[in-house]
Amino acid sequence: MKSFLRLLRKDLEASRWPMGFLSAITLGIMLLVSLKIATGGWPTQAAIAAVTFPLVFLPLWVLWQSFQTLRTEWREDTVYTLLVLPEPGWKIMLAKLSAILLEYTVLLVVTVVGMLIFFFPMVQEAMLVLPGAGWVVRNGILLYVFSLFMIASTIIFVQLAFVVSKMVGRLQGLVALWTLLLSGWLVDRLGILLEPLFGWIPTIPVHALFRLNELKQGMVADWNIAPEIGTWLGTLALLVLTSYIFEHYVEVNG
Amino acid sequence: MSTNQALVVRDLKKKYPKADALKGVSLSLPQGEIWGLLGPNGSGKSTLLKCVVGLVTPDGGDITISGQPPSRETKAQVAFVPEVENLYRWMTIRQAIDFTATFYEDWEHERVEELLNFMRLDPTKKISSLSKGMRARLKLILALSRRAPLILLDEPFSGIDPASRDRIVEGIVRQFKSEEQTMIISTHAVGDTEQLFDAVVFLDEGTVSLQGNAEDLRRQYGRSINDLFKEVFA
């Protein structure tokens, strides 16, 4: 545990400057938009764009950061340090994955806090049409938890693609791209193939989970989770595979 | 296979896309000696060490470290100083020491402080602010602060100023414990380090061209290892 936490701390500290920069940019954009709205330069709808932009940008940033955190280890030759550590590959890969999830959370919190600071009147206005603050917080947390699964899967695909590309001496970019596409297709197929195995699992009543009837009476939404189980298992297997390849087969630059 | 052999390499092969780095290297290093791995640039010295620590995967041959094939367990027994700058530059010296210490059970905290003093390094300094010589000294501290049975130093004197070089050589002599450790120093700067070596291996284009006890070779050829090196690789 101590070694995992040390690796996690190292990855978090390594990206503290980019994180600070991104947080500042996010808040800066919101401040600018709120000033423009206050002075009548822009319509109030601009606030929606100012909040949506970081939320749309976040998954792209996760994709980039998953790639960059590994690429930096090779580019700066610190991978020499990582690969000689007497630690299992999963610890190193999981520390990187956890670091990105934490960074994603921080950026999400910054966006929400920025929204509350700079667009509070508009938030209050929006709350009038929503069932209440408790409902918003509850559903916000649920969406965040679901997004963590999506984000973690993305990170695992990128990590596998990068690590596989480091097993070959040439055409590393092409190999990485193909691995990324293939792994996505593979876990998708696995989900479909394994669906009958998990057919006994009841569907999740999304309307009850998100209390959608408080928003509109009679709303019904069910989620058949059976195909997702196979996909998640496949993604987990890819994480194990990435860790194994990282520990046993990747090479430093020749 | 005898377990008092610190490192045994048999018929090791490694091919890169543009060259055969190792073409069947075989070596057997007994415990308690300092070996010089000598050869010009591109002779396969670094590749050989990288294969031992698992940084590259050999295409053929066997490696055993204290009788075991390379694994997570053998990684814990090897201290490796690569030629490249493998330190996290945003860390301070103290942070780099603490980071490394976390992963090795054979870490000796007293030895670190002694070495920091000897190598004249301020632990509060950022690695990015250190000179190349200071960074080389720090890398050596991180390796010598452990009681690792096998220490591998890849070109530890490359591009280093003479003052740092002397410090490093003295540091190696002071810290090496022949009763429990074995060391391999790869270098093409033989002159300054010749006195360190109990035995030497000459690598030439991925093959062993000469190997043996340093004193025996001096006697047999009637010249220093440095002169022999110049003659072989002239």
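Residues numbered from 1 in each chain as written. Chains lettered and ligands numbered in written order. Predicted model: local features only at pLDDT ≥ 70, side-chain atom pairs only at ≥ 80, totals over all residues. Heavy atoms only, no water.

1. What to know about the pattern of salt bridges
Selection criterion: A carboxyl oxygen of Asp or Glu within 4 Å of a side-chain nitrogen of Lys or Arg is what we treat as a salt bridge. Burial classification: accessible surface area is computed with a 1.4 Å probe over protein chains only, and a residue below 20% of its type maximum counts as buried, one above 50% as exposed, and the rest as partly exposed. In this text, helices come from DSSP runs of H or I with a minimum length of four residues, and strands from runs of E with a minimum of two, each type numbered from the N-terminal end.
Within this structure, the stated rule accounts for 25 salt bridges over all chains. With a closest N to O distance of 4.0 Å, Arg211(A) and Glu214(A) form a salt bridge. Glu214(A) gets classed as partly exposed once you look at its relative accessible area, which sits at 42%. For Glu251(A), the salt bridge is made with Lys14(B), and the minimal N-O distance between the two is 2.7 Å. Remark: Lys14(B) occurs in strand β1 (residues 5–16) and Glu251(A) occurs in the segment after α10 (226–248); the pair is interchain, linking two chains. Residues Glu251(A) and Lys14(B) agree in their burial class; the two are buried. Beyond isolated ion pairs, a larger network of salt bridges with shared partners links Lys10(A), Asp11(A), Glu73(A) and Lys96(A).

2. With respect to the side chain of Glu85(B)
The test is simple: Here a polar contact means two N or O atoms within 3.5 Å. Within protein one must be a hydrogen donor candidate and the other an acceptor candidate, and residues neighboring in sequence count only if both atoms are side-chain atoms. The contact rule is simple, with two residues in contact once any of their heavy atoms fall within 4.5 Å.
Along the chain, Glu85(B) falls in the loop between β5 (78–81) and α3 (93–103). For Glu85(B), a relative accessible area of 14% puts it in the buried group. A distance of 3.0 Å separates the side chain of Glu85(B) from the side chain of Arg135(B), its partner in a polar contact. Contacts of Glu85(B), omitting those with residues within four sequence positions, involve Glu76(A), Asp77(A), Lys132(B), Arg135(B) and Lys139(B).

3. Some remarks on the pairing of β5(B)
All names here are of chain B. Cut-off, in case you're wondering: Here, strands pair whenever DSSP counts at least two bridges between them.
The side-chain alternation of β5 yields two buried faces, one formed by Val78 and Phe80 and the other by Ala79 and Val81. Strand direction decides the pairing type here: β5 and strand β6 (residues 150–154), joined by four bridges, are parallel. Bridging from a neighbouring strand, Phe80 pairs with Leu152 of β6.

4. Details of unusual backbone geometry
Excluding glycine, a negative phi dihedral is what most residues carry, and trans is how most peptide bonds are arranged. Located in the positive-phi region is Leu171(A), a residue other than glycine, with phi close to 50°. Tracing the sequence through the fold places Leu171(A) in the loop between α7 (133–165) and α8 (172–194). The backbone phi angle of Ser66(B) is positive, close to 50°, even though this residue is not glycine. Mapped onto the elements of the fold, Ser66(B) is located in the loop between β4 (60–65) and α2 (72–75). Of the residues examined, Ser66(B) reaches a relative accessible area of 25% and is grouped as partly exposed.

5. Considerations on the packing of aromatic side chains
To keep it simple, the criterion reads: Two aromatic rings from Phe, Tyr or Trp, using only the six-membered ring of Trp, form a pair when their centres are within 6.5 Å; if the ring planes differ by under 30 degrees the pair is stacked, by over 60 it is edge-to-face, and anything between is tilted. Distance and angle both matter: a charge sits over a ring if NZ of Lys or CZ of Arg is within 6 Å of the ring centre and within 35 degrees of the ring normal.
One pass over the full model with this rule turns up 17 aromatic pairs over all chains. Ring centres 5.8 Å apart and planes at 75° place the aromatic pair Tyr88(B) and Phe99(B) in the edge-to-face group. Here the residue Tyr88(B) occupies a position in the loop between β5 and α3, and Phe99(B) occupies one in helix α3, the gap between them amounting to 11 residues. Just as Tyr88(B) is buried, Phe99(B) falls in that class too. Three or more aromatic residues joined by ring pairs form one cluster here, namely Trp64(A), Phe67(A), Trp74(A), Phe162(A) and Phe246(A). Its end group placed over the ring of Trp42(A), Lys36(A) keeps NZ or CZ at 5.7 Å from the ring centre.

6. Observations concerning empty space enclosed by the protein
To keep things clear, this is the line we draw: Both cavities and pockets are sets of points on a 1 Å grid over the protein atoms alone; in a cavity a 1.4 Å probe fits but cannot get out, in a pocket the set is open with protein on both sides within 12 Å along at least five of seven lines, and lining residues sit with an atom within 4 Å of a point. Grid points are joined across faces, edges and corners, and a volume is the space filled by probe spheres set on the points.
Scanning the model with the defined rule gives three cavities of 30 Å³ or more in all. Taken as a whole, the largest cavity spans an internal volume of roughly 270 Å³. Around the largest cavity, the lining comprises 21 residues; the ones closest to its centre are Thr81(A), Phe80(B), Asn86(B), Thr100(B) and Leu142(B). Counting residues per element, the ones that place at least two in the lining of the largest cavity are α4 (79–83) of chain A together with β5, α3 and α5 (132–144) of chain B. Counting residues per element, the lining of the largest cavity draws most heavily on β5(B), at four residues. There is about 50 Å³ of room inside the second largest cavity.

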